[in-house]
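Residues per chain are reported as follows:
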Amino acid sequence: MRLDRFLSECAVASRSESKKAVRRGEVFVNGLAAKAADMAIDPEGDSVTYRGSAVIYRRYTYIMLNKPDGVVSATDDKRERTVLDLLPAELRKKELFPCGRLDKNTLGLMLITDNGELAHKLLSPKNHVEKKYRFRSKFPVKEEDAERFRVGVTLDDGYVTKPAEIELLGDGDEGIITLHEGKYHQIKRMLDSLGNKITYLERVSFANLTLDRSLERGEWRYLTDAEKDELEKIADIKAVSE
Ligand code: URA
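Residues numbered from 1 in each chain as written. Predicted model: local features only at pLDDT ≥ 70, side-chain atom pairs only at ≥ 80, totals over all residues. Heavy atoms only, no water.

(A) Structural view of the packing of aromatic side chains. One pass over the full model with this rule turns up two aromatic pairs. Between F6 and Y57, the ring centres sit 5.7 Å apart and the planes meet at 25°, which makes this aromatic pair stacked. Of this pair, F6 sits in helix α1 (residues 3-9) while Y57 is found in the loop between β4 (53-54) and β5 (62-67), placing the two residues 51 residues apart along the sequence. Relative to Y222, the ring of W220 lies with its centre 5.3 Å away and its plane at 90°, an arrangement referred to as edge-to-face. Here W220 falls in the partly exposed class, since its relative accessible area comes to 24%. Given the relative accessible area of 22%, Y222 is considered partly exposed. Residue placement shows K183 over the ring face of Y159; its charged tip is 4.9 Å from the ring centre. (Phe/Tyr/Trp six-rings, centres within 6.5 Å; stacked < 30°, edge-to-face > 60°. Helix = DSSP H or I, 4+ residues; strand = E, 2+ residues; numbered from the N terminus. Buried < 20%, exposed > 50% of the residue type's maximum accessible area, 1.4 Å probe, protein only. Lys NZ or Arg CZ within 6 Å of the ring centre and 35° of its normal.)

(B) Inspection of the side chain of E90 at higher detail. Residue position: E90 is located in helix α3 (residues 89-92). Of the polar contacts made by the side chain of E90, one reaches the side chain of K93; its length is 2.9 Å. Not counting residues within four places of it along the chain, the set of residues in contact with E90 comprises S8, A13 and S14. (Polar contact = N/O pair within 3.5 Å; in protein donor to acceptor, adjacent residues only side chain to side chain. Contact = heavy atoms within 4.5 Å.)

(C) Fine view of the environment of G70. Secondary-structure assignment places G70 in the loop between β5 and α3. Exposure remark for G70: the relative accessible area of 29% places this residue in the partly exposed category. Considered as a pair, G70 and L86 are 16 residues apart in the sequence and their alpha carbons are 12 Å apart. Ignoring any residue separated from it by four or fewer positions in sequence, one finds G70 in contact with R81 and K104.

(D) The sheet that holds strand β3 (residues 48-50), seen in detail. A sheet is described by the order of its strands in space; here four strands give the open sequence β2-β1-β3-β4, paired in antiparallel fashion. The outermost strands of the open sheet, each flanked by one partner alone, are β2 (32-33) and β4. Two elements, strand β1 (residues 27-29) and β2, share two bridges in a ladder whose sense is antiparallel. Within β2, the position partnered with V29 by the bridge is L32. (Pairing = 2+ DSSP bridges.)

(E) The arrangement of helix α5 (residues 143-151) in detail. The complete set of buried residues in α5 reads D145, A146 and F149. In an axial view of α5, the angular spread of the buried residues amounts to 105°, which keeps them on one side of the axis. Turned more than 90 degrees away from the buried face of α5, the exposed residues are E143, E144 and V151. Summarising the contacts, the buried residues of α5 are in contact with β9 (165-169), β10 (174-179) and α6 (186-193). Looking one or two residues beyond α5, the residue adopting positive phi is G152, at roughly 130°. (Arc of directions from axis to C-beta.)

(F) Representation of the pattern of salt bridges. Using the criterion set out here, one finds 22 salt bridges in the structure. We note a salt bridge from D4 to K19, for which the minimum N-O separation is 3.9 Å. Taken together, the positions of D4 in helix α1 and K19 in helix α2 (residues 15-23) put the pair 15 residues apart, joining distant regions of the chain. Owing to a relative accessible area of 0%, D4 belongs among the buried residues under this scheme. Residues E202 and R213 are paired through a salt bridge, measuring 3.0 Å at the closest nitrogen-oxygen approach. Taken together, the residues span a long stretch of sequence, with E202 in strand β11 (residues 198-206) and R213 in the loop between β12 (209-210) and β13 (220-222) at a distance of eleven residues. Overall, E202 belongs to the buried group, its relative accessible area being 2%. The class for R213 is exposed, based on a relative accessible area of 56%. One salt-bridge network, in which partners are shared between bridges, spans R2, D4 and K19. (Salt bridge = Lys/Arg side-chain N within 4 Å of Asp/Glu carboxyl O.)

Structure, rendered in structure tokens:
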């Protein structure tokens, strides 16, 4: 792979910035100053430093975003701001997409990646990957409603949801809902079916990932290696059981 492409794929510098940095002697490959931005390097085997810092090659990019209200979880949209619009220009050049969907007014954990195979495995309805949502509702959820969550709720289109869990907090008008599937507007429709209404919804976990509370709404960070390894492991285990 060309050195300038490598630096831009690692979101370190654009290709033109890379060229300038090479000319200024700020890029080293295996301890030697790089002579040309178009030199070929082995992203997995060579060690590259940019302005004194090691550049870690990421074959795939994995980002945790704390989704704010009012942005849509799509790659592009003619009228609305998307979750990708919250990322810097360098990252927007990659083929990133949100792994799954949250409604425009749902907040919280959104995984963004360019690993289509992993996303497919994590989102496959067969795989029952766990998602947890913090909610508030208009009325307290009754104990018998919680039991209906465990058994399955019949939605407006006749679909019966897979067993889900609901943990009630406070006066019962807030809590945590755990789903193992992801139908369109699922939680809102489940509460509607019970004659109640969601007034606040935030995803707090997805598979092994827990929303990082140090991220303000709209902020993002790369997954740590440990998070990424565990996520890849979960996707593979699920794929084997498919
Ligand atoms: N359920 C919903 O109703 N909306 C979401 O965004 C996620 C789950």
